[in-house]
Amino acid sequence: MTTAPTDFATRASALDAADPLGDFPRRFVGSDDPEIAAYLDGNSLGRPLRGTAERMAAFVTDAWGGRLIRGWDEQWFELPLRLGDRIGASLLGAAAGQTTVGDSTSVLLYKLARGALASRPGRTEIVLDRDNFPTDRYLMESIASELGLTLRWIEADFAGGVTAEDLAGVVSERTALVTLSHVAYRSGYLVDMPAITAVTHDAGALLLLDACHSVGSVEIELDSWGVDFAAGCTYKYLNGGPGAPAFAYVNAELLPRFQQPIWGWMGRENPFDMAQGYIPAPGIRRVLSASPGIIGMLPIQDMLDLIEEAGMPAVRAKSVALTEFALDLVHEWLAPRGVTVSSPADPARRGGHVTIDHPAFREITARLWNRGVMPDFRQPHGIRIGMSPLSTTFHEVLTGITAIRDELDAR
Ligand SMILES: *Cc1c(COP(=O)(O)O)cnc(C)c1O
């Protein structure tokens, strides 16, 4: 028995027309550029907002050019903490005073992991998984070699991710720190956070969460989940621009004793005293080390405006609808052409992207980029389709997957 082929074009039009956030994609730079047929990599580099171009020009002329050195006292010294509190409130489920912005995710993961390990003396193991993002793995390798600790690896399901059962199998009274990604960068697996924090804490260990691939697309509740430490990017779903400063979260209960290893002046108590000896600043400022990159914090504010206007539940609902639509297309058009899905089928366990695999995808990705269809390639032969909820239309998803189908047929 054959069923009638789905009319995906009609469905994409209907979904876009009914989308309560349907007006948002137009607010991004390039949304009217005919050379960009489908941008499916907003989870690697979010698109700029139109308002960002104006905000940055005004900053150069008014704030930097006009206020000059006075800007530090008036705005910039406090900006990492103010922006951190806003990210905490709008996106992380974090009460004020626990989040700050500065450095890169890699540097913050290092600082947080070292600070965490210092508060679990006598424990000798760090738990991590083979499919975590490379920087997370390399950093833990470096810390383990620096401190003489043992790495305990979880071999998670390639098309899934770390489950509470996987974790329970490796933690023990030797575990100091568990580190994992909230949404896996390749499979898109969305970790069951309450279960993971429970297993971690039952073993007496601390949890360091990498939220790079979830913040701004998946709802996060760091305080109520009881997460100890977290860090994440602002250039993916937060559209901060290439290399924009990351955020760090330290749970308020751990903050008074938390000490990170890079003792720069900006993390000191009263830095402008220029005093002898390092004393960590009270509160979350102690995570900072150096003069914060203020210019990099400007675009994030525009994206926060947008996300707050939409509300995270609506953002997540759009994200789920986009990934469901993409997977329907993949099952009907690409699976018969030998493509496999390496992402969870259950939307409750899936973040904002899906990865599909086929041996020809490396060469096909290059051809897609040439025709203005931009997903990402991920080893060994995956195309990762990222659908940033506020900038991506259903029509773009259709265009992108149609192009993949056509390139497969053209070989
Ligand atoms: C993108 C990403 C990073 C990137 O770290 P940087 O220090 O910004 O280069 C780290 N972890 C995960 C899970 C990511 O997705």
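All of these numbers come straight from a predicted model, not from anything done at the bench.

The rules behind each value
- Numbering of residues begins from 1 in every chain and follows the order in which that chain's sequence is written.
- Predicted model: local features are reported for residues with pLDDT of at least 70 only, side-chain atom pairs are reported and counted for 80 or more only, and whole-chain, interface and lining totals are derived from all residues.
- Processing note: side-chain calculations cover all non-hydrogen atoms of the structure and skip hydrogens and water entirely.
- By the criteria applied, helices consist of DSSP H or I runs no shorter than four residues and strands consist of E runs no shorter than two, each listed in order from the N terminus.
- To sort residues, take the accessible area from a 1.4 Å probe on protein chains only and compare it with the maximum for the residue type: under 20% means buried, over 50% means exposed, and anything in between is partly exposed.
- Method for areas: the Shrake-Rupley scheme with a 1.4 Å probe, in which residue coverage is limited to the protein chains shown.
- Positive charge is attributed to Lys and Arg, negative charge to Asp and Glu, and no charge count is given to His or to the chain ends.
- Note on charges: their place is set at NZ of Lys, CZ of Arg, CG of Asp or CD of Glu.
- The nearness test applies per residue and asks whether one of its heavy atoms lies within 4 Å of the molecule or strand.
- Definition of a polar contact: a pair of N or O atoms within 3.5 Å, with one able to donate and the other able to accept a hydrogen when the atoms are protein atoms, and with sequence-neighbouring residues admitted only if both atoms are side-chain atoms.
- Residue classes follow a fixed rule: Ala, Val, Leu, Ile, Met, Phe, Trp, Tyr, Cys and Pro count as nonpolar, while Asp, Glu, Lys and Arg count as charged, and any other residue, Gly among them, counts as polar.
- Following DSSP output, two strands are said to pair if at least two bridges run between them.
- Structural elements are reduced to axes, namely lines fitted to C-alpha atoms, with helices fitted over the stretch in contact, and the angle between N-to-C directions of any two is expressed from 0 to 180 degrees.

A. Just the overall build of the chain, in detail. What the chain contains, in helices and strands, is 13 helices and 13 strands. With respect to the principal axes defined by its C-alpha atoms, the chain has extents near 75 × 55 × 35 Å. Across the 411 residues in the chain, those meeting the buried criterion constitute 55%. Surface summary for the chain: the accessible area is close to 16600 Å², and the carbon and sulfur share equals 56%. The average position of the 36 basic charges and that of the 51 acidic charges among the side chains of the chain differ by 3 Å.

B. Up close: the site of the ligand. Taken together, 13 residues are adjacent to the ligand, and S106, D210, H213, Y235 and K236 come closest. Here a nitrogen atom of the ligand and a side-chain polar atom of D136 are 3.3 Å apart. Relative to its unbound accessible area of 400 Å², the ligand is 87% covered by the protein chains. Mapped onto the shell around the ligand, the elements with two or more residues apiece are helix 5 (105-118) and helix 6 (134-147). Grouping the constituent residues of the shell around the ligand by class yields four nonpolar, six polar and three charged.

C. Region of the structure containing the sheet that holds strand 2 (residues 99-101). Strand order in this open sheet of seven strands is 2-8-7-6-5-3-4, and the pairing throughout is mixed. Edge strands, defined here as strands with exactly one partner in the open sheet, are strand 2 and strand 4 (150-154). Adjacent strand axes in the sheet meet at a mean angle of 20°, parallel and antiparallel pairs treated alike. In this sheet, strand 7 (residues 229-232) lies alongside strand 6 (residues 206-210) in parallel orientation, the contact comprising three bridges. Bridged to L209 within strand 7 is A230.

D. Structural view of the sheet that holds strand 13 (residues 382-386). The strand order across the open sheet formed by four strands is 9-10-13-12, and the pairing between neighbours is antiparallel. Among the strands making up the open sheet, the edge pair consists of strand 9 (340-341) and strand 12 (376-378). Examined bridge by bridge, strand 9 and strand 10 (residues 353-357) share two bridges and lie antiparallel to one another. Along strand 10, the bridge assignment pairs T340 with D357.

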